[in-house]
Amino acid sequence: MAEAWMMLADALLQREALICRLAEGRPPRDFAGLYVTDDEVERLLAGLPGLDGPGVERVAAVRAGAAGPVVEAREAFELSGPFGTVAENAGLTVGEAEVLALLLAVEMSPARQRLVGYIQDSVQLPRLTLATLGRIFVEDDHVGVRAVAPRGGLIRSALARVTGDGPWGTQVAEPAARLIWHLAGDDSPDPALPPGTAARSGTISGKSELVLVHGGDRESRLHALGGQRLLVVPPPETDLAWQAVIREATITRSTVVVDLPAALPAAGRDVIQRATHLGWVLSSRGEQPLESVPDRPWREIAVFDGAAGPEDWQRAMGRDPDPAYRLSREQLRLVATAAHTDGGLVAPAVRRLAGGHLDGVAVRIRPRRGWPDLILPAEESTQLRELAARHRERDTVYGRWRFRTAPSTGVVALFAGPSGTGKTLAAEVVAGELGLDLYKVDLSAVVSKYIGETEKNLERIFGAAAAGDLVLFFDEADALFGKRSEVSDAHDRYANIEVAYLLQRLETYDGLVVLATNLQRNIDAAFSRRISVAIDFVPPEEPERRLIWRQAFPSTAPVAGDLDLDFLARQFKITGGVISNAALGAAFLAAAEGGPITMRHAVLSVKREFQKLGRLRTEKEFDRYWDLVSKDATDAAPAG
């Protein structure tokens, strides 16, 4: 049996067809609407309202005679089933619901469309025109065609639209395809929704209110809304996309969450002011400017803590929180998605958080070396372990113990010392201790001669780093964090702005940042108060150099018995980086000769390192190998 709304539509169409047939005496024509005959001109003139011809009485008589089925259908018409639910969701009046029922019935039936073509006397008009809607709903107290007016209920809820660019009377009203598919049993999302739209299941709010939620991360802001049924959308860029959002939320009875990276655009403000039948949420990191807030009552929710708790971990991962990682709810959601495809392992998923976002501006280093590989004096090693603990225990100190953040929970470390003293290796070891990846910022890709571009690149770095738990490493940080100078021209002014921007960004970053410099005094003094840990890296003394030489030659390498590591450590006061390069160079010299690594290879390689550094060779340093290194290069080269 047909639903009540279809029966009402059929009764209305039947009445209008009878008026056309009996009152107007209009026969069906094969080419109706394609040309106008003499008889049709006479009939049209007689039926014009201003002429008050006999057609008016005939129409009234036929309408009265056909009133019975319409009255019965209206008495049976009720807002039930899927159609009734959508009508109630949209806040439609009974009259607006009747207009929607008629539009849907015609749209879903080719037979009704042929009947509409007869009623409108045009085979080119299978949909109802605005003029015909006005004729069908002739009652004075009925909303009729006003249901599809610009502020009408069907337009406000985006359940129908008016198309055509001709005269007003010939423009047609058509229901949304998404609504028809819904009534047909298919609930695929509207294809016109903005890319990135996501539906969240939950309870129906039932409140048509406006909520402003700000602070924290995206997932924490959604968490603050409770378990509502949500439609989360980025800001739509077109009117069609806004209509799709309204339509989807109306059909599914969802609260719309607009995830805003900036202020709500004026178009969105107007849409939200009109679509009062829906609940709306403006979600943003910062507060929305008052001038961008829609002119309707609203309430505000501030999110101060976005850290994922035990309940969040249980819901997302089915386990207790991992103490090694302090994740926001948004990070946890991404980690859970990645972990489900990787056997449930948390560590690889955390490392994937920033993957892809920093390509081109930073080099990803997966920590492979640990504490045994780092040869430092005891004091510096202790400081590095304290640095790792400071980052790891932030949740305890700032969370459970409620220490005041200064001004964020991030950790900034300064590694100062000559090149080759182990600053990069130390950053890698600390990252490995924390189970994080190290991202070494490529300054050549960051610093730009164009004003404002450096800040944009830095914002990209810090923004991407905030999406994942990682260690940011700025090598040769003097180029970015150098002292501000006296302003003598525009370049000085903008260089100082870059330093000020960096200082501000460090103060709001919650991760671990390592700044490496050859000279600590080159760093602007304003950064000193933001530095949590400062470690001086000095060239190694003889005991450390001996350990570094020993580690530089793998156990798998063929080493000759004359390789005197004590001599190398005692005689050559060089850094760990130079030692590693010298050992590698000796290995290649030996490999070229097809033999083991000998003392001759090691000494010649040290000579090459001295040449690269521009350092003079002295007989006191090379001692008994002086003759070897003082010969011409051709004499000292290995036999080919």
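Novice: I'm lost on helix 27 (residues 599-613) in this one. Help?
Specialist: An α-helical turn contains 3.6 residues, so any two residues separated by three or four positions project in the same direction. Counted at 1.5 Å a residue, the expected span for helix 27 with its 15 residues is 21 Å, and the 21 Å between its end C-alpha atoms agrees. Taken together, the buried positions of helix 27 are Met599, His601, Ala602, Val603, Leu604, Ser605, Val606, Lys607, Glu609 and Phe610.

Novice: Even after reading the chapter, I still don't get the pattern of salt bridges, so can you show me in this structure?
Specialist: A side chain of one charge can pair with a side chain of the opposite charge when the charged atoms of the two come close. For the coordinates displayed, the defined rule picks out 34 salt bridges. Between glutamate 139 and arginine 74 there is a salt bridge, with its nearest N and O atoms 2.9 Å apart. Highlighted residues: glutamate 139 in the loop between helix 8 (130-136) and helix 9 (153-156) and arginine 74 in helix 4 (residues 67-76), separated in sequence by 65 residues. Residue glutamate 139 is classed as partly exposed on the basis of its relative accessible area, which comes to 23%. For arginine 74, a relative accessible area of 22% translates into the label partly exposed.

Novice: Mind showing me how you'd approach the sheet that holds strand 10 (residues 411-416) here?
Specialist: Consider a sheet: its strands pair through backbone hydrogen bonds, and that pairing is either parallel or antiparallel. Read across the sheet, six strands follow the order 9-11-12-13-10-14 without closing on themselves; strand pairing throughout is mixed. The open sheet terminates on both sides in strands that have one partner only, identified here as strand 9 (362-365) and strand 14 (533-536). Averaged over all adjacent pairs, the angle separating strand axes in this sheet is 20°, with direction ignored. Relative to strand 13 (residues 512-517), strand 12 (residues 471-474) runs parallel, the two sharing four bridges. Bridge pairing in strand 13 links phenylalanine 474 to leucine 515. Across the sheet, helix 21 (residues 453-466) lies against strand 11 (438-441), strand 12 and strand 13, angled at about 155° from strand 12, the strand it touches most.

Novice: Looking at this structure, how should I read the confidence of the model for the chain?
Specialist: Summarising the model, the chain shows a mean pLDDT of 86, and 89% of its residues fall at 70 or more. Below pLDDT 50 for its whole length, residues 50-54 participates in two contacts with residues either more than four positions away or in separate chains. This model gives residues 633-640 a pLDDT under 50, and the stretch forms 10 contacts once residues within four places in sequence are excluded.

Novice: What is the right way to read the packing of helix 17 (residues 378-392) against helix 19 (residues 423-434) from this model?
Specialist: Each pair of packed helices can be described by the angle between their axes along with the distance between the axes. The interhelical angle for the contact between helix 17 and helix 19, taken along N-to-C directions, is 40°, at an axis separation of 10 Å. Judged by the inter-axis angle, helix 17 sits oblique to helix 19. Where helix 17 crosses over helix 19, the handedness of that crossing is right-handed. Contacts between helix 17 and helix 19 pair Leu384, Leu387, Ala388, His391 and Arg392 from the former with Ala426, Val430, Glu433 and Leu434 from the latter. For the contact of helix 17 with helix 19, a count of residues per class yields six nonpolar, one polar and two charged.

Novice: What is the right way to look at the side chain of serine 254 in this model?
Specialist: Mapped onto the secondary structure, serine 254 falls in the loop between helix 12 (239-252) and strand 6 (255-260). Since its relative accessible area comes to 8%, serine 254 is described here as buried. A distance of 2.8 Å separates polar atoms of two side chains, one belonging to serine 254 and the other to threonine 252. Contacts of serine 254, omitting those with residues within four sequence positions, involve Arg229, Leu230, Leu231, Ala249, Leu278 and Gly279.

Novice: How should the side chain of asparagine 89 be read in this particular structure?
Specialist: Looking at where asparagine 89 falls in the secondary structure, it is placed in helix 5 (residues 81-89). Once residues lying within four places of it in the same chain are set aside, the contact partners of asparagine 89 are Thr250, Ile251, Arg253 and His277.

Novice: Teacher, can you tell me more about unusual backbone geometry here?
Specialist: At arginine 402, a position not held by glycine, the phi torsion is positive, near 60°. Residue placement: arginine 402 occurs in the loop between helix 18 (394-400) and strand 10. Here arginine 402 falls in the exposed class, since its relative accessible area comes to 69%. Unusually for a residue other than glycine, aspartate 623 sits at a positive phi of about 50°.

Novice: Just to check I follow, could you spell out the packing of aromatic side chains for this structure?
Specialist: Here a ring pair, both rings aromatic, is described through the centre-centre distance and the interplanar angle of the planes. Counting across every chain of the model gives 12 aromatic pairs. Here the aromatic rings of phenylalanine 415 and phenylalanine 537 are separated by 5.0 Å at their centres, their planes lie at 55°, and the arrangement is tilted. Taken together, the positions of phenylalanine 415 in strand 10 and phenylalanine 537 in the loop between strand 14 and helix 24 (542-552) put the pair 122 residues apart, joining distant regions of the chain. Across this residue pair, the class does not change: phenylalanine 415 and phenylalanine 537 are buried. One aromatic cluster in this structure is built from Phe567, Phe572, Phe610, Phe622 and Tyr625. The aromatic ring of tryptophan 371 is capped on one face by arginine 385, whose charged end is 4.1 Å from the ring centroid.

Novice: How do you make sense of the nonpolar core when you look at a structure like this?
Specialist: General note: in soluble globular proteins, nonpolar side chains tend to be found buried as a group. Core analysis: the biggest nonpolar cluster contains 45 residues, and Leu102, Leu103, Leu133 and Leu154 have the highest contact counts within it. Listing elements by their share of this core, those giving two or more residues are helix 1 (4-23), helix 4, helix 5, helix 6 (94-107), helix 7 (110-119), helix 8 and helix 10 (177-183). For leucine 133, the contacting residues outside a window of four places in its chain are Val99, Leu102, Leu103, Leu128, Val145, Val148 and Ala173. Counting residues in each nonpolar core, the second largest holds 40 residues, with Ala349, Ile365, Ala388 and Ala427 among its members.

Novice: Looking at this model, I keep getting lost on the sheet that holds strand 7 (residues 280-284). Mind explaining?
Specialist: Strand order in the open sheet formed by six strands is 3-5-6-7-4-8, with mixed pairing between adjacent strands. The open sheet has two edge strands, strand 3 (198-200) and strand 8 (298-302), and neither has a second partner. Sheet twist, expressed as the average angle between the axes of neighbouring strands with direction ignored, equals 20°. Bridging between strand 6 and strand 7 involves five bridges; their strand directions are parallel. Among the inter-strand pairings, aspartate 259 is bridged to a residue of strand 7, identified as serine 283. Most of the contacts of helix 12 go to strand 5 (residues 230-233), to which it runs at about 165°, and overall it touches strand 5, strand 6 and strand 7.

Parameters at a glance
- Residues numbered from 1 in each chain as written.
- Predicted model: local features only at pLDDT ≥ 70, side-chain atom pairs only at ≥ 80, totals over all residues.
- Heavy atoms only, no water.
- Helix = DSSP H or I, 4+ residues; strand = E, 2+ residues; numbered from the N terminus.
- Expected span 1.5 Å × (residues − 1).
- Buried < 20%, exposed > 50% of the residue type's maximum accessible area, 1.4 Å probe, protein only.
- Salt bridge = Lys/Arg side-chain N within 4 Å of Asp/Glu carboxyl O.
- Pairing = 2+ DSSP bridges.
- Axes fitted to C-alpha atoms, helices over the stretch in contact; angles between N-to-C directions.
- Contact = heavy atoms within 4.5 Å.
- pLDDT = per-residue confidence, 0-100.
- Parallel < 35°, antiparallel > 145°, perpendicular 65-115°, else oblique.
- Left-handed = near helix turned anticlockwise from the far one by under 90°.
- Nonpolar A, V, L, I, M, F, W, Y, C, P; charged D, E, K, R; others polar.
- Polar contact = N/O pair within 3.5 Å; in protein donor to acceptor, adjacent residues only side chain to side chain.
- Phe/Tyr/Trp six-rings, centres within 6.5 Å; stacked < 30°, edge-to-face > 60°.
- Lys NZ or Arg CZ within 6 Å of the ring centre and 35° of its normal.
- Core = buried A, V, L, I, M, F, W, Y, C linked by side-chain atoms within 4.5 Å.

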